[in-house]
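The lines below spell out each chain.
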Amino acid sequence: MSKQRLAWLVGASSGIGQALAFALADDGWRVAISARRLEPLQAMQTRHPSLTPYPLDVNDAQSLHAAVAAITRELGDIELCVLNAGDYTPMPLDDFDPALFRKLCEVNYLGVVNGLDALLPLMLARGRGQILLTASIAGYRGLPKSAPYSASKAAVISLAESLHLELKARGVLLRVVNPGFVRSPLTDKNDFKMPFLMEAEDAAQAIMRDLPRQNFEIAFPKRFAYLMKLLRILPYWLYFKLTKGAA
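Fair warning: this is a prediction, and the values are worked out from it, not measured in the lab. (Residues numbered from 1 in each chain as written. Predicted model: local features only at pLDDT ≥ 70, side-chain atom pairs only at ≥ 80, totals over all residues. Heavy atoms only, no water.)

**Q** Any chance you could explain the overall build of the protein here in plain terms?
**A** The helix and strand tally for the protein stands at 8 helices and 7 strands. Projected onto the principal axes, the alpha-carbon positions of the protein cover approximately 60 × 40 × 30 Å. A buried classification covers 51% of the 247 residues belonging to the protein. Sequence separation of 24 or more characterises 64% of the internal contacts of the protein that already satisfy a separation of 6 or more. Between the mean site of the 28 positive side-chain charges and the mean site of the 23 negative ones, the protein shows a separation of 6 Å. (Helix = DSSP H or I, 4+ residues; strand = E, 2+ residues; numbered from the N terminus. Buried < 20%, exposed > 50% of the residue type's maximum accessible area, 1.4 Å probe, protein only. Contact = heavy atoms within 4.5 Å. Lys, Arg positive; Asp, Glu negative; His and termini not counted. Charge placed at Lys NZ, Arg CZ, Asp CG, Glu CD.)

As structure tokens, this is what we get:
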């Protein structure tokens, strides 16, 4: 069994997840990587031998429990877990679709809940561990043409806030990652100029820099995060006035 620090990264096949998996491996971690499709995970493993694939579907709670059991049996105790699986589709008002709300909620929010359900018993039994939940700056306030996505990410932020203190008291550090716009197959769906657009590798390095710390939130890019935090505390009349142009 490897004596390397062990991380489990769910949603590792593209974007931030893939870049973070490589960054952790380069930093000396052994990384269990998970996503729905095995082929991209195997391709990542060929690039770095410290990556080990464990395909799963975050909507299938049993597959998450099976992955945790297999990782623990084959690689050891999971010290760090990043629940990063996510989906995104913009939705203008004329395309209002309850099925899209359901889909994004199941992946972005309930997928996180399923991951926590599989992992927490082991970390609580040990009394240690760190978990990062990937939400989004888009979860700070409702954004035009992004209702399903913003709502699902707001739910993840609220979930993390609700569980943070209880878990910390029992030795488990639960944190939230709030990225801005990061280049990926998901953000490629946008047809507008994305402010402060980052590359996935830069986003991964932003997470790596904060990883040793104990702060609850990891948000980046900083200037965009501060701007969105300011919008979050504005009164509604002013917030809607400032965001009217995006509608």
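We are not done yet, so read on.
**Q** Can you walk me through empty space enclosed by the protein in this structure?
**A** One simple way to see leftover space: roll a probe sized like a water molecule over the atoms. Under the definition given, this model contains 1 cavity of 30 Å³ or more. Put simply, the largest cavity is a space of about 40 Å³. Forming the walls of the largest cavity are Val-10, Val-58, Leu-83, Asn-84, Ala-85, Val-107, Gly-111 and Val-112. In terms of residue count, the dominant contributor to the lining of the largest cavity is helix H4 (residues 98–126) (3 residues). Taken together, the residues that form the lining of the largest cavity break down as 6 nonpolar, 2 polar and no charged. (1 Å grid on protein atoms, 1.4 Å probe; cavity = no way out; pocket = protein on both sides within 12 Å on 5 of 7 lines; lining within 4 Å. Points joined across faces, edges and corners; volume = space filled by probe spheres on them. Nonpolar A, V, L, I, M, F, W, Y, C, P; charged D, E, K, R; others polar.)

**Q** Please explain the packing of aromatic side chains as it appears in this structure.
**A** Centre distance and the angle of the planes are the two values used to describe a pair of aromatic rings. Under the criterion given, the structure shown has 7 aromatic pairs. An angle of 45° between the planes, with centres 5.2 Å apart, marks the rings of Phe-96 and Phe-101 as tilted. Ring geometry for Tyr-236 versus Phe-240: centroids 5.8 Å apart, planes at 15°, classification stacked. In this pair, Tyr-236 and Phe-240 are both assigned in helix H8 (residues 236–243), 4 residues apart and thus about one turn of the helix distant. One aromatic cluster in this structure is built from Phe-181, Phe-192, Phe-196 and Phe-224. Above the face of the Tyr-239 ring, Arg-141 is positioned so that its terminal group lies 4.2 Å from the ring centre. Sitting over the ring of Tyr-140, Arg-232 keeps its end group 4.3 Å from the ring centre. (Phe/Tyr/Trp six-rings, centres within 6.5 Å; stacked < 30°, edge-to-face > 60°. Lys NZ or Arg CZ within 6 Å of the ring centre and 35° of its normal.)

**Q** When you look at the pairing of strand S2 (residues 30–34) in this model, what are you seeing that I'm missing?
**A** For a regular strand, side chains alternate in direction, first toward one face of the sheet and then toward the other. Burial within S2 is extensive, with 5 of its 5 residues counted as buried. Bridge analysis of strand S1 (residues 6–10) against S2 gives 5 bridges, and the strand direction is parallel. Following the sheet pairing, Leu-6 is matched in S2 by Arg-30. Note: S2 against strand S3 (residues 51–53), 3 bridges, orientation parallel. Bridging from a neighbouring strand, Val-31 pairs with Leu-51 of S3. Between the parallel pair S2 and S3, the chain is carried across by helix H2 (residues 38–47), and the sense of this crossover is right-handed. (Pairing = 2+ DSSP bridges. Right-handed = clockwise from strand over helix to strand, strands pointing away.)

**Q** How should I be thinking about the environment of Ala-23 in this particular structure?
**A** Mapped onto the elements of the fold, Ala-23 is located in helix H1 (residues 15–26). The sequence separation of Ala-23 and Leu-41 amounts to 18 residues, and the corresponding C-alpha distance is 15 Å. Filtering out sequence-adjacent residues up to four positions away, Ala-23 remains in contact with Ala-204, Gln-205 and Met-208.

**Q** Can you help me understand the sheet that holds strand S6 (residues 172–179) in this one?
**A** On the basis of which strands lie adjacent, the open sheet formed by 7 strands has the order S3-S2-S1-S4-S5-S6-S7 and parallel pairing. Each edge of the sheet is formed by a strand with only one pairing partner; in this case those strands are S3 and strand S7 (217–220). Recorded for the sheet is a direction-independent mean angle of 20° between the axes of neighbouring strands. Sitting on the sheet, H4 is in contact with S1, strand S4 (80–83), strand S5 (129–134) and S6, with an inclination near 175° to S5. Docked against the sheet, helix H6 (residues 200–210) engages S5, S6 and S7, running at close to 150° with respect to S7. (Axes fitted to C-alpha atoms, helices over the stretch in contact; angles between N-to-C directions.)

**Q** I tried to follow the nonpolar core on my own but got confused; where do I start?
**A** For soluble globular proteins, the rule of thumb is that nonpolar side chains tend to be buried together. In terms of nonpolar packing, the biggest core is built from 46 residues, with Trp-8, Ile-71, Ile-78, Leu-83, Leu-116, Ile-131 and Leu-133 touching the most fellow members. Counting only elements with at least two residues in this core, the list comes to S1, helix H3 (61–74), S4, H4, S5, helix H5 (147–168), S6 and helix H7 (222–233). If we skip the residues at most four places from it in the chain, Leu-116 touches Leu-83, Pro-121, Ile-131, Leu-133, Leu-159, Leu-163 and Leu-174. Counting 33 residues, the second largest nonpolar core, distinct from the first, contains Ala-7, Ile-33, Leu-41 and Met-44. (Core = buried A, V, L, I, M, F, W, Y, C linked by side-chain atoms within 4.5 Å.)

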